[in-house]
Amino acid sequence: MSEARQGSGNNSPHSLVHLGQSMLATRFGEFRLHTFTTVPDGEKILALVFGGLPLAQPPLVRIHSQCLTGDAFGSLRCDCGQQLERALENIRTAGQGLLIYQMQEGRGIGLMNKLRAYELQDGGLDTVDANLRLGFRADHRTYALCASVLRYFEISRVRLLSNNPAKIQGLEAEGILVERVSLLPPPSPASDRYLRTKRERLGHLLDTPPFLRVREAAAPERPPSTLDDYR
Ligand SMILES: [Zn+2]
């Protein structure tokens with residue numbers, strides 16, 4: 001099966017080609033996995049649909065950027081794996097929805113450069129400064145291709161699971177109407193520094209640092225010992 005749709009990316013017009021679809025049973029439920037590529041540059045992007053088509057409007061949507069270390073290895077340096085799982089759970093709970101999995105590892109700088117940035121972070125830099133030190137911007141992601149995938153499914157309005165204003169603005173610049181649905185990560189002392197950087201330097205809408213939520217939730221007489229290192 002192959003269909004072409006014209007994308008409307010401002011900087012890189014592309015045609016989106018639907019390559020195929022298959023059922024994917026997961027521990028979150030049974031999804032239909034759609035695969036796409038672009039012409040002429042051959043970018044790849046995936047869409048996981050839950051609850052069948054057509055989707056009720058506006059559907060619950062998550063745009064997830066590939067993070068090998070977080071999604072596959074369970075890394076706690078970031079909250080990607082937890083966000084991916086939480087988004088799939090939320091979509092299943094809603095009964096219908098769509099997760100777009102975009103191959104923009106490391107906020108668009110690629111896996112190997114992300115791992116170089118990790119090395120710099122081990123030396124004390126935060127995720128933003130590490131990217132800048134390597135000659136990259138803080139975030140290289142674009143959302144024109146995601147908007148093309150949404151248009152393929154005839155979606156022009158979304159309820160977007162996201163804390164990232166740049167993602168919302170990126171979709172709106174492509175003509176998609178966005179209502180934000182917050183996706184709060186579970187508390188994790190290991191990713192606190194990363195989340196704090198996301199909030200303070202990338203403008204993510206994380207109202208309360210997760211470590212504070214842990215502290216507030218803890219019984220006053222016996223706070224969790226796992227937080228001792230972070231005081
Ligand atoms: Zn990650």
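Quantities reported herein were computed from a predicted structural model and do not represent experimental measurements.

Caption draft 1: Layout of the overall build of the protein chain. Across its full length, the protein chain holds nine helices and eight strands. A buried classification covers 33% of the 231 residues belonging to the protein chain. In the protein chain, once contacts between residues fewer than 6 apart in sequence are set aside, the share between residues at least 24 apart is 56%.

Caption draft 2: How the structure looks around the pairing of strand β3 (residues 29-39). Strand direction decides the pairing type here: strand β2 (residues 15-26) and β3, joined by 11 bridges, are antiparallel. Paired with Leu-24 across the strands is Phe-31, a residue of β3. Where β2 hands over to β3, the hairpin turn is made up of two residues, counted between the paired strands. Of the strand pairs in this sheet, β3 and strand β4 (residues 44-50) are connected by six bridges, and their pairing is antiparallel. What sits directly across from Phe-36, in β4, is Ile-45.

Caption draft 3: Main features of the environment of Pro-59. Its location among the elements puts Pro-59 in the loop between β4 and β5 (60-65). Taking the number of C-beta atoms within 10 Å as the measure of exposure, Pro-59 has 22 and is therefore buried.

Caption draft 4: Quick look at the nonpolar core. Ranked by internal contacts, the top residues of the largest apolar core, which has 37 residues, are Val-61, Leu-99, Ile-100, Cys-146 and Val-149. If you list the elements that add at least two residues to this core, you get β3, β4, β5, α2 (80-94), β6 (97-102), α6 (144-152), β7 (157-161) and α7 (165-173). Ranked by the residues each element gives to this core, the list is headed by α6, at six residues.

Cut-offs applied
Residues numbered from 1 in each chain as written. Predicted model: local features only at pLDDT ≥ 70, side-chain atom pairs only at ≥ 80, totals over all residues. Helix = DSSP H or I, 4+ residues; strand = E, 2+ residues; numbered from the N terminus. Buried ≥ 20, exposed ≤ 12 C-beta atoms within 10 Å, placed from the backbone. Contact = placed C-beta atoms within 7 Å. Pairing = 2+ DSSP bridges. Core = buried A, V, L, I, M, F, W, Y, C linked by C-beta atoms within 7 Å.

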